[in-house]
Amino acid sequence: MSTRQEFLPYALPLIEEDDIAGVVDSLRSGWIAKGPKTMEFEKQFAEYVGAKYAVALNSCTAALHLALVAAGLGEGDEVLTTPMTFASSANVVIHTGAKPVFVDIDPVTMNIDPKQIREKITSRTKAIIPVHMAGHPCDLDEILAIAKEHNLFVLEDAAHAVYTQYKGKTIGSIGNATAFSFYATKNLVTGEGGMVTTNDETLYHKIRVLSTHGMSRNAWNRYTETGSWYYEILSPGYKDNMSDIMAGLGLSQLAKLERMQGIRRELVEYYNTEFGNIPELEVPVELVYARHAWHLYIIKLNLDKLSIDRGKFIEELKEENIGTSVHFIPLHIHPYYRDTFGYKQGDFPVAEGVFERIISLPLYPKMSKQDATDVVEAVKRVVERFRK
Ligand SMILES: *Cc1c(COP(=O)(O)O)cnc(C)c1O
């Protein structure tokens, strides 16, 4: 018998009546492209993270890409990042013509290891993309000190880190630019969507112009009664802006972010209590400088105490009707990265070792207490069945 009858997905968005009303309101307003709601969402989001400027975009990938383009990254440049991330953190570097250079991770937080960054810096290194893995902040003081020393542009990948704080400061207000994701599985959703925040006025104007074809004026400046038909193309830009349909959802989600985060934290406390003293498992931590956003709850298996590997553990959980995922397959072992840059197994031993042990368990505000109890029971069953 499975732990539960119905399959429990590892992630689901929380969409309530206020979210539906927010989107319907955009539709009824007649303004469905980028307009007043997107601008309001930008304003509120910037205020929320404590940044001077925000540009709402159609993805975090676009946010990362435009920030690099605006910072002037290109051919011949190198950008440091972690292999323990989603493809877009490094793909966007390649799109600018620059080369991604990986730095191994800290085994506990799974974030880029500041102690190993210096060894990878060359005369070509221009930027660094730290990723706040699972919602736990990187040690930014260390990273910013190195960046200052070597004049590097710091672009934080905060796809997991809406709500994260580092030493009491909200992520989004710290590095040169920060990219957020509002993809369907993230802590705050707009379906697809993203945001870039910065305190740098020049960078902000460049990103804004790049996000709508390199045009000097967007539709809101042209099609309203005070607008003018005239515009100029300032650069061969992209089409990466958010729409008011998405922003309608973003505004209602932002309004209840605290509540959603409260539910995440309760679930994490419950999991930590239940899993914390099982020797076959290692539970995630929140270091003293961190306020964790708990985007993901990643357990690490102590494989020497189990008779099965991670893949089999996942299959067993699936048999119990519990969905899981793995964050992430290290980028350097994917065929493109391996073949293009000559990376191979063994290059980043910490990331590779951690990868063999990790499972992301279901964690989201839409989960019921019973769902969480089922996850705990299923994990315990599998551990008991396969402990050495
Ligand atoms: C989800 C994710 C992204 C990409 O976000 P999109 O909004 O889907 O473009 C980038 N980096 C990390 C670490 C992610 O998890």
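Refer to the structure printed above.
Residues numbered from 1 in each chain as written. Predicted model: local features only at pLDDT ≥ 70, side-chain atom pairs only at ≥ 80, totals over all residues. Heavy atoms only, no water.

## As for the overall build of the protein
A count of helices and strands for the protein gives 14 helices and 13 strands. In terms of overall dimensions, the protein has a C-alpha envelope of 70 × 55 × 35 Å along the principal axes. When burial is assessed residue by residue, the protein has 56% of its 388 residues classed as buried. Contacts in the protein between residues far apart in sequence, at least 24 positions, make up 73% of those at least 6 positions apart. Accessible area of the protein: about 16400 Å², with a carbon and sulfur share of 53%. (Helix = DSSP H or I, 4+ residues; strand = E, 2+ residues; numbered from the N terminus. Buried < 20%, exposed > 50% of the residue type's maximum accessible area, 1.4 Å probe, protein only. Contact = heavy atoms within 4.5 Å. Areas by Shrake-Rupley, 256 points an atom, 1.4 Å probe, with all protein chains shown as cover.)

## Side note on the pairing of strand S13 (residues 358–361)
Alternating positions in S13 separate into two faces, Ile-358 and Ser-360 on one and Ile-359 and Leu-361 on the other, with burial throughout. Note: strand S12 (residues 297–301) against S13, 4 bridges, orientation antiparallel. Bridging from a neighbouring strand, Lys-300 pairs with Ile-358 of S13. (Pairing = 2+ DSSP bridges.)

## What about a negative patch on the surface?
Taken together, the side chains of Asp-309, Glu-315, Glu-319 and Glu-356 define an acidic patch exposed on the protein surface. The topology assignment puts Asp-309 in the loop between S12 and helix H11 (310–319). Asp-309 sits in the partly exposed class, given a relative accessible area of 48%. (Patch = residues over 30% accessible without salt bridge, like charges linked within 9 Å, V, L, I, M, F, W, Y side chains within 5 Å. Salt bridge = Lys/Arg side-chain N within 4 Å of Asp/Glu carboxyl O. Lys, Arg positive; Asp, Glu negative; His and termini not counted. Charge placed at Lys NZ, Arg CZ, Asp CG, Glu CD.)

## A short note on helix H14 (residues 369–386)
Between its first and last C-alpha atoms H14 spans 26 Å; for 18 residues at 1.5 Å apiece the expected length is 26 Å, and the two agree. Those residues of H14 that are buried lie in contact with helix H10 (257–275), strand S10 (281–282), H11 and S13. (Expected span 1.5 Å × (residues − 1).)

## Comments concerning the packing of aromatic side chains
Within the structure shown, the criterion is met by 22 aromatic pairs. A centroid spacing of 6.3 Å and a plane angle of 50° characterise the contact between Phe-341 and Tyr-343, whose relative ring orientation is tilted. When its relative accessible area of 24% is taken as the criterion, Phe-341 is described as partly exposed. Classification of Tyr-343 as buried rests on a relative accessible area of 13%. Aromatic ring contacts, followed pair by pair, group Phe-102, Tyr-336, Tyr-337, Phe-341, Tyr-343 and Phe-348 into a single cluster. If you follow Arg-310 out to its NZ or CZ, it ends over the ring of Phe-355, 4.6 Å from the centre. Lying across the ring of Tyr-270, Lys-369 places its NZ or CZ 3.5 Å from the centre. (Phe/Tyr/Trp six-rings, centres within 6.5 Å; stacked < 30°, edge-to-face > 60°. Lys NZ or Arg CZ within 6 Å of the ring centre and 35° of its normal.)

## Overview of the site of the ligand
Contacts to the ligand come from 16 residues, most closely from Thr-61, Asp-157, His-160, Ser-181 and Lys-186. In this structure, an oxygen atom belonging to the ligand sits 2.7 Å away from a side-chain N or O atom of Ser-181. Computed on the free molecule, the ligand has an accessible area of 380 Å², of which 92% lies beneath the protein chains in the complex. Elements with a minimum of two residues in the shell around the ligand: helix H3 (60–70) and helix H4 (88–95). (Near = heavy atom within 4 Å. Polar contact = N/O pair within 3.5 Å; in protein donor to acceptor, adjacent residues only side chain to side chain.)

## A word on the pattern of salt bridges
Enumeration over the complete set of coordinates arrives at 26 salt bridges. Arg-265 serves as the salt-bridge partner of Glu-286, at 3.0 Å between the closest nitrogen and oxygen. Taken as a pair, Glu-286 in the loop between S10 and strand S11 (290–291) and Arg-265 in helix H10 lie far apart in primary sequence, 21 residues in all. One salt bridge connects Glu-282 with Arg-357, and the closest N-O pair in it is separated by 2.9 Å. With Glu-282 in strand S10 and Arg-357 in the loop between helix H13 (349–355) and S13, the pair connects residues that are 75 residues apart, well separated along the chain. The network of salt bridges with common partners includes Lys-312, Glu-316, Glu-320, Glu-377, Arg-381 and Arg-385.

Everything listed here is a matter of coordinates, which is why it stays silent on function.
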